[in-house]
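Coordinate inspection notes
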Amino acid sequence: DVIIRGESVVKEYQTGAQTVQALKGIDFSIQPSDFVAIVGPSGSGKSTLLNLLGLLDVPTRGTVRLRGTDVSTFSDGDRTTKRKHTIGFVFQSFYLIPTLTALENVEMPRMLDRTPKKTRERAKQLLRRVGLGDRLDHYPDELSGGQKQRVAIARSLINDPAILLADEPTGNLDRETGDDILELFDELRAEENVAVVTVTHDAYVAEEADRVVNLVDGEITDADEAESNGVVE
Ligand code: ADP
Ligand code: ADP
């Protein structure tokens with residue numbers, strides 16, 4: 001029951017006459033309840049990998065399969081629909097809409113659906129799930145950083161995604177608040193089977209992960225090797 005699998009994935013960017021190979025033939029797979037940390041220096045291909053996992057982009061060569069289907073065979077519209085129902089995004093800087101309440105922010109991704117009552121119920125349920133049942137009508141300004149990230153996590157779950165992609169989710173939080181968010185991820189993995197994939201510079205977050213994908217110059221280096229090289233620690 002692999003959700004996403006990449007095989008010999010190459011991603012190239014063309015800038016004028018110059019070709020940059022951002023990923024040089026990597027393999028990866030994400031399964032339900034996984035907690036995977038992607039680490040590596042700036043420019044090593046982390047965002048590129050995240051964009052592929054998030055179905056925001058397709059590989060130049062090699063294959064990325066979503067539940068067995070090559071994503072390169074999807075039309076852009078299909079890929080958008082699959083993304084909506086497969087991937088939840090969480091960012092370092094929350095991206096909440098300041099003029100909407102916590103509840104309305106969580107409902108946002110389903111605003112155009114014709115099931116407002118169902119959406120509202122699910123949004124409330126998710127906010128309770130992340131410990132904000134008493135903050136439904138608060139605006140982002142009225143919430144702490146950790147609470148804002150909880151709202152963003154609730155929002156990312158509104159379409160019941162299989163994978164939560166988190167880009168530096170604890171980057172704007174102090175250690176204790178970040179800890180609470182990692183704990184929440186653990187609960188969501190156990191209870192909702194959601195997989196969490198995070199890009200992080202924080203060795204502490206990487207330590208909490210089941211698996212570390214260590215990217216160096218577009219290639220995955222062996223985690224043990226990386227550790228003995230001091231890259232992870
Ligand atoms: P990271 O997230 O680890 O910093 P990126 O995936 O952003 O790494 O970038 C990997 C490599 O690909 C870098 O050399 C970067 O300059 C290049 N790159 C990323 N995006 C583009 C783009 N849109 N056009 C050209 N080159 C890009
Ligand atoms: P950083 O962690 O460097 O501050 P962001 O978290 O803002 O970067 O964004 C990380 C990646 O997610 C980027 O590649 C960006 O293009 C993409 N991204 C940003 N906002 C959205 C969004 N609302 N939906 C989908 N992808 C996004």
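Let me begin by describing the structure that accompanies this report.

Rules used throughout
- Residues numbered from 1 in each chain as written.
- Chains lettered and ligands numbered in written order.
- Predicted model: local features only at pLDDT ≥ 70, side-chain atom pairs only at ≥ 80, totals over all residues.
- Heavy atoms only, no water.
- Helix = DSSP H or I, 4+ residues; strand = E, 2+ residues; numbered from the N terminus.
- Expected span 1.5 Å × (residues − 1).
- Contact = heavy atoms within 4.5 Å.
- Salt bridge = Lys/Arg side-chain N within 4 Å of Asp/Glu carboxyl O.
- Buried < 20%, exposed > 50% of the residue type's maximum accessible area, 1.4 Å probe, protein only.
- Pairing = 2+ DSSP bridges.

Counted at 1.5 Å a residue, the expected span for helix H4 (residues 116-129) with its 14 residues is 20 Å, and the 19 Å between its end C-alpha atoms agrees. Contacts made by the buried residues of H4 are with helix H3 (102-107), helix H5 (145-156) and helix H6 (175-192). Taken from the residues just after H4, Gly-131 is the one with a positive phi, measuring 85°.

This next bit is on the pattern of salt bridges. This structure, assessed with the given rule, holds 14 salt bridges. In this structure, Lys-11 engages Asp-57 in a salt bridge whose closest nitrogen and oxygen atoms are separated by 3.2 Å. Of the two residues, Lys-11 is situated in strand E1 (residues 4-15) and Asp-57 in the loop between helix H1 (46-53) and strand E4 (61-66); the sequence distance between them amounts to 46 residues. Here Lys-11 falls in the buried class, since its relative accessible area comes to 9%. As a salt-bridge pair, Arg-189 and Asp-210 come within 2.8 Å of each other at their nearest N and O atoms. One end of the pair, Arg-189, is in helix H6; the other, Asp-210, is in the loop between helix H7 (203-208) and strand E9 (211-216), and 21 residues separate them in sequence. Where salt bridges share partners, they join Lys-84, Arg-110 and Asp-113 into one cluster.

Okay, the pairing of strand E8 (residues 195-199) next. Along any regular strand, the residues point their side chains to alternate faces of the sheet. A large share of E8 lies buried, amounting to five of its five residues. Where burial is concerned, the two faces of E8 agree: the one with Ala-195, Val-197 and Val-199 and the one with Val-196 and Thr-198 are both buried. Summarising the sheet, strand E3 (residues 35-39) and E8 pair through four bridges and their orientation is parallel. Looking at the pairing, Ile-38 lines up with Val-199 of E8. Sheet topology places strand E7 (residues 163-167) next to E8; five bridges connect them, and they run parallel. Directly across from Asp-167, in E8, lies its bridge partner Val-199.

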